[in-house]
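The primary structure of each chain is shown beneath.
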Amino acid sequence: MDKINRDGARKHYYKGLELLKPTSEQDLEGAISEFSKAIFLVDDQHDYFAKRGQAYMLLKDYKTAVSNFKRSLKLQHTAELGRKTSNLIDAEGLARLRHQEFADAIFLFSSALDLDPSNLYCYVHRALAQIGQSKLEEALKGLNVYLEREEKQKAKLLIHLLVARLNKQMKNPTTAAVHVNAALKIDPVNEEALRLYVQLKGRAGELFAEATNYLLRNQPLKAVDCLKHAIELDGKDTRFLVRRGVIYRQMGQYNEAVADLEQVIELTQGTSTDALRQLAISYNQLGIELYSAREYSQALAVFQLAIKHDKESPSIYINRGDCHREMQEVGLALDDYLHAHALNENDTEVRIRLSTLYDARGLTYFDRGMLDKSFQEFSLAIKYLPQVPHYYIHRASAAMELGNLEDAVRDFREVVRIDPHNEQAWAKLSAMGDNGAGDRYAPDSPATRGRAGTRKT
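Residues numbered from 1 in each chain as written. Predicted model: local features only at pLDDT ≥ 70, side-chain atom pairs only at ≥ 80, totals over all residues. Heavy atoms only, no water.

> I keep staring at the overall build of the protein and nothing clicks. Help me out?
If you tally the helices and strands in the protein, you get 24 helices and 0 strands. Relative to a compact globule of 457 residues, whose C-alpha radius of gyration would be 23 Å, the protein shows 45 Å and is clearly more extended. Counting the 457 residues in the protein, one finds 44% classified as buried. Intrachain contacts of the protein at a sequence separation of at least 6 include 46% that bridge at least 24 residues. (Helix = DSSP H or I, 4+ residues; strand = E, 2+ residues; numbered from the N terminus. Rg over C-alpha atoms; globule rule 2.2 N^0.38 Å. Buried < 20%, exposed > 50% of the residue type's maximum accessible area, 1.4 Å probe, protein only. Contact = heavy atoms within 4.5 Å.)

> Got a minute to help me understand the packing of aromatic side chains in this structure?
All chains considered together, the criterion is met by 7 aromatic pairs. Seen in terms of ring centroids, Tyr-358 and Tyr-384 are 6.0 Å apart; in terms of plane orientation they differ by 5°. Their pairing is stacked. With Tyr-358 in helix H19 (residues 348–367) and Tyr-384 in helix H20 (residues 371–384), this pair connects stretches of sequence that are 26 residues apart. Of the residues examined, Tyr-384 reaches a relative accessible area of 6% and is grouped as buried. An aromatic cluster is built from Tyr-13, Tyr-14, Phe-35 and Tyr-48, whose rings are joined through pairwise contacts. (Phe/Tyr/Trp six-rings, centres within 6.5 Å; stacked < 30°, edge-to-face > 60°.)

> Whenever I open this one, the packing of H19 against H20 confuses me. Can you help?
Packed helix pairs are characterised by how far apart their axes lie and by the angle those axes make with each other. With their axes 8 Å apart at the nearest point, H19 and H20 run at an angle of 165° to one another. Taken together, the axis directions place H19 and H20 in an arrangement best described as roughly antiparallel. In the packing of H19 onto H20, the handedness of the crossing is left-handed. From H19, Arg-351, Leu-354, Ser-355, Tyr-358, Asp-359, Arg-361, Gly-362, Leu-363, Tyr-365 and Phe-366 reach across to H20, where they touch Leu-371, Lys-373, Ser-374, Glu-377, Phe-378, Leu-380, Ala-381, Lys-383 and Tyr-384. Grouping the constituent residues of the contact of H19 with H20 by class yields 10 nonpolar, 3 polar and 6 charged. (Axes fitted to C-alpha atoms, helices over the stretch in contact; angles between N-to-C directions. Parallel < 35°, antiparallel > 145°, perpendicular 65-115°, else oblique. Left-handed = near helix turned anticlockwise from the far one by under 90°. Nonpolar A, V, L, I, M, F, W, Y, C, P; charged D, E, K, R; others polar.)

> Looking at this model, I keep getting lost on the packing of helix H4 (residues 62–75) against helix H5 (residues 79–98). Mind explaining?
Following both chains from N to C, one finds H4 and H5 inclined at 170°, their axes separated by 10 Å at the closest point. Overall, the two elements H4 and H5 adopt an arrangement that is roughly antiparallel. Counting all contacts with H4, which are made through Tyr-62, Val-66, Phe-69 and Leu-73, the residues of H5 involved are Leu-81, Gly-82, Thr-85, Leu-88, Ile-89, Glu-92 and Arg-96. Across the contact of H4 with H5, the residue classes tally to 7 nonpolar, 2 polar and 2 charged.

> What is the right way to read the pattern of salt bridges from this model?
One side chain can pair with another of opposite charge once the charged atoms of both are near each other. Counted according to the given criterion, the structure contains 25 salt bridges. As a salt-bridge pair, Arg-83 and Asp-116 come within 2.4 Å of each other at their nearest N and O atoms. You can see Arg-83 sitting in helix H5 and its partner Asp-116 sitting in the loop between helix H6 (102–115) and helix H7 (121–132), a full 33 residues away along the chain. According to the relative accessible area criterion, Asp-116 is buried, its value standing at 9%. Glu-210 is the partner of Arg-203 in a salt bridge, and the nearest nitrogen-oxygen pair spans 3.2 Å. (Salt bridge = Lys/Arg side-chain N within 4 Å of Asp/Glu carboxyl O.)

> Help me out: how do you make sense of the environment of Ala-360 in this one?
One can find Ala-360 in helix H19. Residue Ala-360 is classed as partly exposed on the basis of its relative accessible area of 38%. Spatially, the C-alpha atom of Ala-360 lies 69 Å from that of Arg-195, the residues being 165 residues apart in sequence.

Next comes the structure, spelled out in structure tokens:
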């Protein structure tokens, strides 16, 4: 009985093949009828279902066609047969796509992928049909799958450009820029990629201008957001990174500031003076905060980084000197203060520090009986800040101990010239038999002039 059924099934199958042939006598419904009779007699032959599926395909009954193809592959599945069937369905999908029958095309491409998920071009074909239906987000999902799985870089070029155009259309310039840059890596002279790059670069410039406006309105977070997108669109324009780095520094986000500015230095191979200066300012500001928190060792390390990027800033040397001073490294502090003074002799801050440090050292030497050294230190304190009376008093005291009374008198006279009411200096001069510039209570004495001047004021 089984042999009879199989023989009968083959007869119906061959009749179906004849009716399926693309001739003037082609009868698709008749072919389907013959294949169905064959399947009724024998339902375990995969080619019976495959041919019936082909006939349904030609009749554009795609759901029934796909159902038959799936049944065929269930009976006998190989990778080659799966790909062949998938390609057959994909080809019909392309035909529907050309006729702008997008819904049928999408169904066919999806069915082709069900049969062979490795048929990557089906993702692209389905995306094109989805674009035809304005389903751009769904199209992008499929295109991204293709880009993830396709190993040949040259094959990705056009897809990167398509994804870039879609994202640009959807107001996603950042993502568009990513794909434009990927396309340019594959083909640096591709005209469309270069054109898109110029367009997106222009948008980056607009974002930079928007960031500037936000800064003027004291809205730094919005400015940072604009610059973030500008950098994503054009990561080679160092203006964006420098500006964001400065904003981060002003916001106290030093790690982010340093990262941006160091990236600029890397991009410019160390030639960006603006980035170097801003990086030094960032390190200096961070060092000041660490110093204020009494974290002197860390502050010192940060100031050293600041000096590495800006060797001409007196303030950084002053700050590093302050750290050395707090860590009792007086010699190193003095070196930094002297270097800062050499860079700017008119800097009052460094002159104050130098005079204070020399005066302190002079007192230390004086207490230890090292009178010559103390005299020299007091003289240096006076050199850097000659308007401070007690420096002269200290030097005069050292001079008296050394027996240099003339020097002592001279210094005490300078004290009462600077401060006519300094009782200590007047007492010393009186004890030494010297009235300074005359009797302190005489009408023309410094003290009287000082009192008169005060009353007049």
